[in-house]
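# Structure at a glance
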Amino acid sequence: MSTERLSAEHASPERLSTERELPAVAPAVTAELVAALSPRLRKRLDAGIAKLADRPAVRDGDTVRITVDDEGSELELHAPGGVVADPAAIRCGCLLAPDCLHRAAAASAAPVADMAGTGERTEPAPASEAASTPEAAEPTEQSASVSVAPGAPTPEKSATPVSVAPGAAAPEESATPAQLGAAHAVFDAVAAVLDAGTDGSGAVLQAELLRAAHTARLAGLPRASAAAVSVVTALRAARAADPAFRLTALVGAVSETLFVAHRVPFATGADLAELRGTVRQPYTPDGSLRLYGLFSEPVLTASGYAGAVTWTADAEGRLYTVSDVAPGGAGRAVGAADRAVRVGDTALTHRELARAGLAVSGATVSPTGRLGAGAGVRAVRASGADWRAAPLDRLWAVPVAEQVGRALSGGHDLLFLEVTLVGAVREAAGDCLLADCGGVPLRLTAAHDHPALPHRGNLRLLAAARGSRLRVIARLAAAPHARAQLLAAEHPTDTGSRVDLGLDRLQHADLPAPASASAPASEPASASAPVHTVLAPDEAPLHLLHRRVGQGVAGGRRVLAFPGDSAPDVRRLHRHGLGTAGDILDELLAATAERSRDVFGRLLPADTGRFARAWLAAARYTDEVDRVLCAAAWGG
């Protein structure tokens, strides 16, 4: 297989430029530094962040130094373990320190640290967050042993004692006063962000949201905390014009945060436990395992984590992952695949494990199938298996509709597909690969757009291999049509080999020779490729509601409040049998435009809470309809 292997030499972690790899900063640190600024300095914070990005910087071990002015004053960020966890760890040498703007600007420009580890997710992560990558930080076995199991109540009890009559059932647990206050704080902070829109949500609003996230974590609401941090991360990517930013990711993060914060005060029992989430995923003993490598993928998140995750399967088709993810940037994502896996004493690298096997004794596994790396785990190298041989071939034997249904129901989101490549089609986000999957027209997209990773280039080359029939592994993308992110595929010409599309770089020599009847190699792949759609806009005009949901996040309430007649859109939705969608759109637009006046006729502040609730209803509705249409598009 003539593929060019990527190496960590492509990126130097010591060279820091405009897109430098600043250490992650704890949410509480950023919130405290911004809160300490005077009102005058708060107004200048966003400009200070932009100015700081152009200043020279250098990394020295755990410390990053940035020259903040022409006099040579230096700002230091001390990050032991890659995380700035104390405001005192950010020091400035300018004359106004420690009350200067530089410390808050540096904290606001840095990635947000995941102080609580990985929260329990109920659905796949947004594509912009490393393309739905697995957990961002691996918990240690020690921390896992003291974590709260999913569904179990947190140690904190309700402040109000409840008496129970003899023989009566115990009342279901409800949220504590601290959790109620934290949920309201998170909701109000996200509502303020939604009201202002992306352009208006500068560092001050972000810091308020980070403060609310920190409060939620201390109150025992790790899911709300993690969701709020993901909103800040997506906002920063949007405001920095990050090429990897996707509006759908920001919409999903805002929707998740508002939903959790809105539901916590009304939830009890198991519903409340799910909304709380877990700080760490518990690891339980799983005896001995015989695993077979499937593929490896790079991890590069907007929150400052990078590394690699290797997927394996046992003889029954259950999936397990081995990860090496830590604070870092593109250099770490590129080089982590050549690091030894952290399971037992095996010397296998992630790249090697993706094609070999592993025999594990004393295994510990998280609920999501992640292998622990405790002291009692033993692992040795074993033989692997071809995708078309037992036992891995059983993964491709599961009907596609069943795989999609499992993913939409909260299971793992990997799809094992057999496809025939058709060509490519150009979309707003870039070219995507067209394929036929058992009669279902499928669009395969790049899992990550970062130029250091070969996803996009490999996708373009595969588009030229029209007619090739390959087994692939992809990650489901919920959409009204069949769509997935391509992660790994059989080699187009080298039988028995496979390509990890985020790690291996295909060459033109890897493609099959064009047949005489095929289109010339110089012809664009999309020129003759058919473009398939599942539903025409006139058949299901949900885009009328989708567009307003996206506009609300990007432009804020004022954009939706622009004068205009929305009645035709509402009537069109009703005419196509989407009466609920029409009513939701009507309420959303009413919530944006309605303003009360005081006794002197002056406009009162807008009701951001009503607008947030109306927007949340629209976002949740469109998300649920998309899931239904997605299942239908795959034949479910």
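Whatever comes next refers back to the structure up there.
Residues numbered from 1 in each chain as written. Predicted model: local features only at pLDDT ≥ 70, side-chain atom pairs only at ≥ 80, totals over all residues. Heavy atoms only, no water.

Here the focus is the environment of R263. Within the element layout of this structure, R263 appears in helix α9 (residues 247-263). Classification of R263 as partly exposed rests on a relative accessible area of 26%. Between the C-alpha atoms of R263 and A183, which are 80 residues apart in sequence, the distance is 8.7 Å. When near neighbours in sequence (up to four residues on either side) are disregarded, R263 contacts D271 and L275. Of the polar contacts made by the side chain of R263, one reaches the side chain of D271; its length is 3.0 Å. (Helix = DSSP H or I, 4+ residues; strand = E, 2+ residues; numbered from the N terminus. Buried < 20%, exposed > 50% of the residue type's maximum accessible area, 1.4 Å probe, protein only. Contact = heavy atoms within 4.5 Å. Polar contact = N/O pair within 3.5 Å; in protein donor to acceptor, adjacent residues only side chain to side chain.)

Moving on to the packing of aromatic side chains. Considering all chains together, one arrives at three aromatic pairs under this definition. Between the aromatic rings of F295 and W311, the centroid separation amounts to 6.2 Å while the plane-to-plane angle is 5 degrees, which identifies the pairing as stacked. A residue pair is termed long-range when its members are at least 10 positions apart, and F295 in strand β9 (residues 284-300) and W311 in strand β10 (residues 305-313) qualify at 16 residues. Accessibility assignment for this pair places F295 and W311 in one class, buried. Centroid distance W387 to W396: 5.0 Å. Interplanar angle 35 degrees. Geometry classified as tilted. With respect to burial, W387 and W396 carry one shared label: buried. (Phe/Tyr/Trp six-rings, centres within 6.5 Å; stacked < 30°, edge-to-face > 60°.)

As a further point, take the nonpolar core. Counting 64 residues, the largest nonpolar core has L258 and W615 as its most contacted members. The leading source of residues in this core is helix α20 (residues 608-633), at 10 residues. Dropping the residues within four chain positions of it, L258 is found in contact with F187, V190, A191, L194, A612, W615 and L616. Membership of the second largest hydrophobic core comes to 34 residues, among which are L417, V419, A446 and L459. (Core = buried A, V, L, I, M, F, W, Y, C linked by side-chain atoms within 4.5 Å.)

Note on strand geometry: in a regular strand, side chains alternate between the two faces of the sheet. Summarising the sheet, strand β14 (residues 414-427) and strand β15 (residues 430-437) pair through seven bridges and their orientation is antiparallel. Following the sheet pairing, T420 is matched in β15 by D436. Alignment of β15 against strand β16 (residues 440-446), held across five bridges, turns out to be antiparallel. Bridge pairing links C437 to V440 in β16. The hairpin formed by β15 and β16 contains two residues between the paired strands, and G438 there has a positive phi angle of roughly 60 degrees. (Pairing = 2+ DSSP bridges.)

In spatial order, the strands read β11-β10-β9-β12-β13; together these five strands make up an open sheet with antiparallel pairing. The sheet terminates laterally at β11 (319-327) and β13 (378-382), the two strands that pair on one side only. Mean inter-strand twist for the sheet, computed between neighbouring axes without regard to direction, equals 35 degrees. (Axes fitted to C-alpha atoms, helices over the stretch in contact; angles between N-to-C directions.)

With that settled, the discussion passes to the pattern of salt bridges. This model, assessed by the stated rule, comprises 31 salt bridges. The salt bridge partner of E76 is R65, with a shortest N-O separation of 3.0 Å. Of the two residues, E76 is situated in strand β6 (residues 74-78) and R65 in strand β5 (residues 63-67); the sequence distance between them amounts to 11 residues. In this structure R65 comes out as partly exposed when scored by relative accessible area, which is 25%. Notably, a salt bridge pairs R91 with E76, separated by 3.1 Å at the nearest N-O pair. Here E76 lies in strand β6 and R91 lies in strand β8 (residues 90-92), a separation of 15 residues in the sequence. (Salt bridge = Lys/Arg side-chain N within 4 Å of Asp/Glu carboxyl O.)

Distances and angles like these do not, on their own, reveal function.
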